[in-house]
Amino acid sequence: MTTMREQITTDAAPAAAGPYSQAIRAGDFVFTAGQLGNDPNSGELVDGDVQAQAAQALANLRAVLEAAGSGMDRIVKATVFLADIADWPAVNEVYEREVPEPYPARSAFAVRDLPKGGRVEIEVVAVVDRG
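Residues numbered from 1 in each chain as written. Predicted model: local features only at pLDDT ≥ 70, side-chain atom pairs only at ≥ 80, totals over all residues. Heavy atoms only, no water.

S.K.: Lay out the side chain of Ser70 with the relevant residues and their values.
M.R.: Among the secondary structure elements, Ser70 is positioned in the loop between α1 (50–67) and β4 (75–82). A polar contact of 2.6 Å, which involves the side chain of Ser70, links it to the backbone oxygen of Val127. Among all residues touching Ser70, those that are not within four sequence positions of it are Val30, Leu65, Ala126, Val127 and Val128. (Helix = DSSP H or I, 4+ residues; strand = E, 2+ residues; numbered from the N terminus. Polar contact = N/O pair within 3.5 Å; in protein donor to acceptor, adjacent residues only side chain to side chain. Contact = heavy atoms within 4.5 Å.)

Printed below as a string of structure tokens:
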């Protein structure tokens, strides 16, 4: 059985910076690429601390999910990548404000480096309606 894959793109989130899609819709799910705290217009990281970057990353995810016919309330799995695990409490504060209950399953990892010197990157899997 072949599953159809649909590329999701929106100008409301930063464009893909390489050979990948902002998101792919497959069946009842949308799988996003990781989003940094990049401004969609300039492509540069937003000014401010890790919370500002986390808020922008989540705003970028919201835009991609909406373009796919989903939303923040439809996330079933989130993965958070941190340049410094000590930033986890600060990122968690923003995440708790932006992602509604029931909270999705989630993993968080400290990584050596993130693109563009970012401090946080977030990717999600969410449910989308058929049709």
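There's plenty left to go through after this.
S.K.: How would you sum up unusual backbone geometry? Please name residues and give values.
M.R.: Negative phi values dominate among residues other than glycine, just as trans dominates among peptide bonds. In this chain, Glu101 is followed by Pro102 through a cis amide linkage whose omega measures -5°. Of note, Pro102 is situated in the loop between α2 (88–98) and β5 (105–110).

S.K.: So what about the packing of aromatic side chains? Which residues, and what values?
M.R.: Aromatic rings in a pair are described by how distant their centres are and how their planes are angled relative to each other. Tallied over the full model, the rule gives 2 aromatic pairs. An angle of 50° between the planes, with centres 6.4 Å apart, marks the rings of Phe29 and Phe31 as tilted. Owing to a relative accessible area of 36%, Phe29 belongs among the partly exposed residues under this scheme. With relative accessibility at 40%, the residue Phe31 sits in the partly exposed group. Relative to Phe109, the ring of Phe81 has its centre 6.2 Å away and its plane inclined at 25°; by these criteria the two rings are stacked. Linking Phe81 in strand β4 with Phe109 in strand β5, this pair joins segments that are 28 residues apart in sequence. (Phe/Tyr/Trp six-rings, centres within 6.5 Å; stacked < 30°, edge-to-face > 60°. Buried < 20%, exposed > 50% of the residue type's maximum accessible area, 1.4 Å probe, protein only.)

S.K.: Which residues make up the pairing of strand β2 (residues 23–26), and what values do they have?
M.R.: Both faces of the sheet carry side chains from a regular strand, because those side chains alternate between them. In terms of strand pairing, strand β1 (residues 5–8) meets β2 through 4 bridges, oriented antiparallel. Directly across from Arg5, in β2, lies its bridge partner Ala26. Inspection of the sheet shows β2 paired to strand β3 (residues 29–32) by 4 bridges, in the antiparallel sense. Within the sheet, the bridge partner assigned to Ala23 lies in β3 and is Thr32. Connecting the antiparallel pair β2 and β3 is a turn made up of 2 residues, with Gly27 showing a positive phi of about 60°. (Pairing = 2+ DSSP bridges.)

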